[in-house]
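Each chain, letter by letter, is given below.
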Amino acid sequence: MTLSENIQTGARALGIPEEGGLAGQLEKFLLLLSRWNRVSNLSGIKDLNKMVSVHLMDSLSVWPFITGNTVLDVGSGAGFPGIPLAILYPKKRFTLLDSNGKKTRFIHQAVIDLKLTNVDVIHARVETLETKFDHVISRAFGSLELFVSMCEQHTEKGGNLLAMKSNKTENLGGREMNVHKLSVPGVESERYLMLIPAD
């Protein structure tokens, strides 16, 4: 199976509507990441087909929950989940934030190469932001409690925080939280989305 076919198969398994150019853009992004990865070590995963499942499909697995128009991806790293979601949703606005300059330089280049007009890249820490968003999402922030305490202030009233986790044992002391089990094509380990409505 080619890289493009692998991406198309995964997207179909997630129930993502087949849009023209989606698989091509996602493939182009992975190839760029692979090239940069040789010198910058942006991801510990080197195999492209493994990147499809662990990075692309994992990022896209939350697509039905992106119902608002503005999204902040905190600790975006090499652009996950922000870039795949921005490719899928060209009419929504995505802000990708990371404190690592090497990673934000890569994301900047990806935005240019992919001609993404709906993505802003910020090299900063989340506490320096003043903007609010419909969704604040993260794949790798640390504890759920820390994520909420540092990011809730950037969530619009009626919006939510989306924490992607490998276990569902964390809680927020009785606060409302909806836990969704994610089914990620090619990933056997458990994945969950903790959806926390903003106060």
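Refer to the structure above for everything that follows.
Since the model is a prediction, treat every value here as computed from it, not as a measurement. Here the residue numbers are simple positions, counted from 1 along each chain's written sequence. pLDDT decides what is reported in this predicted model: residues at 70 or higher carry local features, side-chain atom pairs at 80 or more are listed and counted, and totals for whole chains, interfaces and linings draw on all residues regardless. Where side-chain values are given, they derive from all heavy atoms of the structure, hydrogens and water being excluded.

A. Quick look at helix H2 (residues 22-40). In DSSP terms, a helix is any run of H or I states spanning at least four residues, a strand is any run of E spanning at least two, and both are numbered starting from the N terminus. Expected helix span is given by 1.5 Å per residue-to-residue step, counting one fewer step than there are residues. With 19 residues, H2 should cover 27 Å at 1.5 Å per step; its first-to-last C-alpha distance of 26 Å lies within 8% of that length. Whether two residues are in contact is decided by their heavy atoms: any pair within 4.5 Å suffices. Where H2 is buried, its residues meet helix H1 (3-13), helix H3 (48-60), helix H4 (82-88) and helix H5 (101-113). Backbone geometry just after H2 places asparagine 41 at a positive phi near 50°.

B. Quick peek at the sheet that holds strand E6 (residues 178-182). Any two strands with at least two DSSP bridges between them are considered paired. The seven strands are arranged E3-E2-E1-E4-E5-E7-E6 in an open sheet whose pairing can be described as mixed. The open sheet has two edge strands with one neighbour each: strand E3 (119-123) and E6. Neighbour-to-neighbour, the strand axes of the sheet open up by a mean angle of 20°, direction not taken into account. Bridge count between strand E4 (residues 133-138) and strand E5 (residues 155-165): five bridges; the pairing is parallel. Looking at E5, one finds that isoleucine 137 is bridged to leucine 162. Orientation is described by lines fitted to C-alpha atoms, with helices fitted over the stretch in contact, and by angles between N-to-C directions that extend from 0 to 180 degrees.

C. Structural context of H5. With 13 residues, H5 extends 18 Å between its outermost C-alpha atoms, agreeing within 8% with the 18 Å of an ideal straight helix rising 1.5 Å per residue. Looking at the packing, one finds that the buried side of H5 touches H2, H4, strand E2 (93-98) and E3. At the N-terminal end of H5, a side-chain oxygen is found 2.9 Å from the backbone nitrogen of lysine 102, two or three residues along, and the residue is asparagine 100. Once H5 ends, the next one or two residues include lysine 115, with phi positive near 55°. Think of a polar contact as two N or O atoms within 3.5 Å of one another; within protein, one of them needs to be a possible hydrogen donor and the other a possible acceptor, and neighboring residues in sequence only count if both atoms come from side chains.

D. Representation of the packing of aromatic side chains in the model. We call Phe, Tyr and Trp rings a pair once their centres come within 6.5 Å, taking the six-membered ring for Trp, and we label the pair stacked below 30 degrees between planes, edge-to-face above 60, and tilted otherwise. Across all of its chains, the model carries four aromatic pairs by this definition. Taken together, the aromatic side chains of Phe29, Trp36, Phe80 and Phe106 make up a single cluster linked through ring pairs. A cation over a ring is seen here: lysine 92 above tyrosine 89, with NZ or CZ 5.1 Å from the ring centre. Geometrically, a lysine NZ or arginine CZ counts as sitting over a ring once it is within 6 Å of the ring centre and also within 35 degrees of the ring normal.

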